[in-house]
Amino acid sequence: MSKLFDDMPLPGFDADIPLPAEPSPDDVPPPPEYDPAPDDLFDGDYAPPAEPYEGYYRNGAAKPAVDPAQLLDGMNPQQRAAVVHEGSPLLIVAGAGSGKTRVLTHRIAYLLGARGVHPGEILAITFTNKAAGEMKERVEALVGPRAKAMWVSTFHSSCVRILRQQYKKLGLSSTFSIYDAADSQRLMAMVCRDLDLDAKQYPPRKFNAQVSNLKNELIDPETYAGQAQNDTERKLAEAYTLYQARLRQANALDFDDLIMTTVNLLQAFPDVAEHYRRRFRHVLVDEYQDTNHAQYVLVRELVGGAAGQAPKRTVEGDLVNPAEEGLAEVPPAELCVVGDADQSIYAFRGATIRNILDFEEDYPNAKTILLEQNYRSTQTILAAANAVIERNSNRRAKNLWTDSGQGTKITGYVADDEHAEAQFVADEIDRLTDNEKVVPSQVAVFYRTNAQSRVFEEVFIRVGLPYKVVGGVRFYERKEVRDALAYLRLLANKDDVVSLRRILNVPKRGIGDRAEACVEVLAARDRIPFADALRRAKEAPGMATRSANAIAGFVTLLDQLRSVVDGGAGPATVLEAVLEQSGYLAELQASTDPQDETRIENLQELAAVALEFEQAQPEGTLADFLEQVALVADSDQIPDDDGGVVTLMTLHTAKGLEFPVVFLTGLEDGVFPHMRALGNTKELEEERRLAYVGITRARERLYVTLAKLRSAWGAPSYNPQSRFLGELPESLVDWRSKPPSQGKAMSATRTTMSAPKGRLSGPSSIVDRKVVALKAGDRVTHDKFGLGTVVATQGEGDKAQATIDFGATGTKQLLLRYAPVEKL
Ligand SMILES: Nc1ncnc2c1ncn2[C@@H]1O[C@H](COP(=O)(O)OP(=O)(O)OP(=O)(O)O)[C@@H](O)[C@H]1O
Ligand SMILES: [Mg+2]
């Protein structure tokens, strides 16, 4: 084994951490039949065991035997110490690729397998849903299916789960909507318009970002209004206040609210906080360096203990002292956080390295463990990463080493322009796959901004290199997908006014801006919600008869669609009904614009997503489906390893991942580091951390490339080479200035998002459905409501409806085309 930087001191690290005696396999009871975790773990009624149980669950069953030694197999002493540490809060800080995520996974397995912890007592937070899924899978592989009862999810998903359990306390309804960034922007634009704010002077987008920052700092509208100093701040306070009121009216929460509202909930209701503290005895957080203040407080509230028990002010302004409320006896949960201050790249989203730097101060009895062996990369790659990150000030020096050997030199390439750069990347991938047994899925191409993907895409398509872009214009941000989802959201939550107004005239149905304004006037005059005013459109002052009729037609459409939802149809069926009944699909099909063809494909893709959801969760509601969709993060679109595609993504999306071959492209000052950061020391340091993240994703081979001339951003520009290149030791880089001989095109074809089969395929409808013919007196069976008797029928063909008496479930009016009924 060889060490890099052998002589560097390691502050705060005691090399010889004594390992607790490993439990011998004999101490573990023989394997019982697996007893599935009780479902109550999910519904908030979890009753914790009165006594800590050692080796036995409270139903008397012995815990399954997992050989703890096996869980520690192959780990180094520091990793083991982290896995088995008990009692005090634990901070694991270490450089990239040192096994932090792996330690977290094994620690969970160890809790379950060796310490008799119940899966329901574990809350693990990861940075993406994909990371959560992977972690759960790995724990399952280590300890078996009972791992399923754990909560492993992102901050946002965990909060949604808590809020769905506790919505009543907050005066929300259970079907609250989650507004993503685009919805929030739309809402803020409406708010600014209603406040008569000049869009030039007070850009709504800027307000959005500022409101987001305030929420990340847990500053509510009243507090902010109280501290606003100047005119701009007062305007922002006004907009924030109204924005928040509108969200509440729409029974909706934006992304930042998910965290802030959960924090408010835990702080305002000591009993709720106690409930979760009793439940989650182990809280684990990955990528802790990227938590913002709100997330930090959330963790503190969930963990409880000394920090959690200080008296505090609730959202109503009351001072609550948990000790006096008799709630102080819940001992703090075991907290374990892992992170790397050098990889903090979300300062722009309010993440503060402070959270990691001050951990020891905030949790005075915390134990810190440093990991220093890197298991991911070659020495060359690691040395390059270290050389770059060393330039940052105020960082703890690290002693990261690897024994995986020197490896290949880094390849550098200077292209004439960005097209030649992309061509070089394509040729090189071609060469690697032909000569070096590399498969495309082992290769990643990173760039600083989404827009840079286009040139790579063009070249890759031309040479037939299969690829996948992660991020960019994301699937869920496409207009048609958002339109369809707006319908679904409105159906799940009738108060969702942003969605309602989005689709009011989509597809065009003759409800113009004027008509919409008339409805708005009526709503304001009678102080009723917009949706209710719509139903009384005829009375609206100034409303034209033709518009009133169009609105009446739209209201009927909504009622019809709602009856499909009420009729027990799953999300995929509801989506079909929406696209067919609204005329949305017909409009696209009638068009000759090739873009509309792509739109249909995207809707097919959405239908496939919904169908997949239905199959995975037969009991899942429309709201559940929308929740899943709303929480899909960028990196969730990374394809699983099917051997086939090169992954293109921004550096921000690459965090936590690893690839055998990495291309770091666009290394020009003004591109990476980003123009915005030039001349700003703090931002340059964040860019440098981003470079560190990028370099350390590579396991075996790293390429660094740049273009002399880049015209992608409007005017052609000659940028100097990136300063980060200059920071790489010369001896590590092998520069190739000339492109290798033009490689032959690869035989594989481009893979696009897998198109679903058999859905949305017919020329005029989504799916061939036979409508059941029913008459009064017929007996039927319904997938959800069971046996029923037809009371009456109306309409015919696609519009046929039946009133069916389902006994105890009640009488339902169903649109037969979409109702899961069969005649007996
Ligand atoms: N003790 C070990 N033995 C063998 N492989 C290991 C060991 N520890 C970690 N690895 C491997 O090293 C790689 C990096 O581990 P991991 O992703 O957990 O690191 P990390 O510290 O979380 O990195 P990052 O900072 O990039 O998130 C993974 O492939 C992991 O399986
Ligand atoms: Mg990791």
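See above for the structure.
Residues numbered from 1 in each chain as written. Chains lettered and ligands numbered in written order. Predicted model: local features only at pLDDT ≥ 70, side-chain atom pairs only at ≥ 80, totals over all residues. Heavy atoms only, no water.

## Remarks on unusual backbone geometry
Trans peptide bonds make up the majority, and among non-glycine residues the majority have a negative phi. Here the residue pair Val506 and Pro507 is connected by a cis peptide bond, since its omega of -5 degrees sits within 30 degrees of zero. Mapped onto the elements, Pro507 comes out in the loop between helix 20 (497–503) and helix 21 (513–526). Here the residue pair Phe672 and Pro673 is connected by a cis peptide bond, since its omega of 5 degrees sits within 30 degrees of zero. Along the chain, the position of Pro673 falls in the loop between strand 15 (659–664) and helix 28 (681–695). (Helix = DSSP H or I, 4+ residues; strand = E, 2+ residues; numbered from the N terminus.)

## A short note on the site of ligand 1
The immediate surroundings of ligand 1 are formed by 18 residues, with Lys100, Thr101, Gln343, Glu658 and Arg697 found nearest. In this structure, a nitrogen atom belonging to ligand 1 sits 3.5 Å away from a side-chain N or O atom of Tyr375. Considered on its own, ligand 1 offers 640 Å² of accessible surface; in the complex 83% of this is hidden by protein. Ranked by residue count, the leading element in the shell around ligand 1 is helix 3 (residues 100–114), at three residues. For the shell around ligand 1, the per-class residue count stands at three nonpolar, nine polar and six charged. (Near = heavy atom within 4 Å. Polar contact = N/O pair within 3.5 Å; in protein donor to acceptor, adjacent residues only side chain to side chain. Areas by Shrake-Rupley, 256 points an atom, 1.4 Å probe, with all protein chains shown as cover. Nonpolar A, V, L, I, M, F, W, Y, C, P; charged D, E, K, R; others polar.)

## Quick word on the pairing of strand 15
With respect to burial, strand 15 is a largely interior element, six of its six residues being buried. Pairing of strand 12 (residues 443–447) with strand 15, which is carried by four bridges, proceeds in the parallel orientation. In the sheet register, Ala444 faces strand 15, and the bridge partner there is Val662. Inspection of the sheet shows strand 15 paired to strand 16 (residues 698–710) by five bridges, in the parallel sense. Residue pairing across strands places Phe663 opposite Tyr703, the latter belonging to strand 16. (Buried < 20%, exposed > 50% of the residue type's maximum accessible area, 1.4 Å probe, protein only. Pairing = 2+ DSSP bridges.)

## As for empty space enclosed by the protein
Evaluated as defined, the whole model comprises seven cavities of 30 Å³ or more. Roughly 90 Å³ of volume is contained in the largest cavity. As for the largest cavity, its lining consists of Arg164, Thr175, Phe176, Ser177, Ile178, Arg489, Ala492, Asn493, Ala623, Leu626, Glu627 and Ala630. Among the secondary structure elements, those contributing two or more residues to the lining of the largest cavity are strand 4 (177–179), helix 19 (479–492) and helix 27 (622–630). A total of four residues in the lining of the largest cavity trace back to one element, the largest contributor, which is helix 27. (1 Å grid on protein atoms, 1.4 Å probe; cavity = no way out; pocket = protein on both sides within 12 Å on 5 of 7 lines; lining within 4 Å. Points joined across faces, edges and corners; volume = space filled by probe spheres on them.)

## Some details on the packing of aromatic side chains
In total, this model carries 16 aromatic pairs according to the counting rule given. Where Phe456 meets Phe460, the ring centres are 6.1 Å apart and the plane angle is 65 degrees; that geometry is what we call edge-to-face. Linking Phe456 with Phe460, this pair stays in helix 18 (residues 453–463), spanning four residues, or about one helical turn. On the basis of relative accessible area, Phe456 is assigned to the buried category, the value being 2%. In this structure an aromatic cluster arises from ring pairing among Tyr413, Phe424, Phe663 and Tyr703. When the ring centre of Phe127 is taken as origin, the NZ or CZ atom of Lys655, which lies over that ring, is 3.4 Å away. Sitting over the face of the ring of Phe785, Lys812 holds its NZ or CZ atom 4.7 Å from the ring centroid. (Phe/Tyr/Trp six-rings, centres within 6.5 Å; stacked < 30°, edge-to-face > 60°. Lys NZ or Arg CZ within 6 Å of the ring centre and 35° of its normal.)

## A word on the sheet that holds strand 23 (residues 821–823)
Strand order in the open sheet formed by five strands is 22-21-20-19-23, with antiparallel pairing between adjacent strands. Strands with a single pairing partner mark the edges of an open sheet, and in this sheet they are strand 22 (811–815) and strand 23. The mean angle between the axes of side-by-side strands here comes to 40 degrees, regardless of whether they run parallel or antiparallel. Bridge count between strand 19 (residues 779–782) and strand 20 (residues 786–794): four bridges; the pairing is antiparallel. By the bridge assignment for strand 20, Arg779 is matched with Thr789. (Axes fitted to C-alpha atoms, helices over the stretch in contact; angles between N-to-C directions.)

## Focus: the sheet that holds strand 2 (residues 122–126)
Pairing is parallel across the open sheet formed by six strands, whose spatial order is 3-2-6-9-1-10. Of all the strands in the sheet, just strand 3 (151–154) and strand 10 (367–371) have a single pairing partner and so form its edges. Taking the axes of each pair of neighbouring strands and ignoring which way they run, one obtains an average angle of 15 degrees across the sheet. Strand contacts of helix 4 (residues 129–143): strand 2 and strand 3, with the helix running at about 160 degrees to strand 3, the strand carrying the most contacts. (Contact = heavy atoms within 4.5 Å.)

## Some remarks on the side chain of His674
Take His674: it is sitting in the loop between strand 15 and helix 28. A distance of 3.0 Å separates a polar atom in the side chain of His674 from the backbone nitrogen of Arg676. Among all residues touching His674, those that are not within four sequence positions of it are Arg448, Thr449 and Glu687.

## Quick look at the packing of helix 19 against helix 27
Between two packed helices, what matters for the description is the angle formed by their axes and the separation of those axes. Where helix 19 meets helix 27, the axes come as close as 9 Å, and the angle between the chain directions of the two elements is 135 degrees. Considering the angle they form, helix 19 stands oblique to helix 27. Viewed along their axes, helix 19 and helix 27 form a crossing whose handedness is left-handed. Residues Leu485, Leu488, Arg489, Leu491 and Ala492 of helix 19 lie in contact with helix 27, whose contacting residues are Leu622, Ala623, Phe625, Leu626 and Val629. Classifying every residue of the contact of helix 19 with helix 27 gives nine nonpolar, no polar and one charged. (Parallel < 35°, antiparallel > 145°, perpendicular 65-115°, else oblique. Left-handed = near helix turned anticlockwise from the far one by under 90°.)

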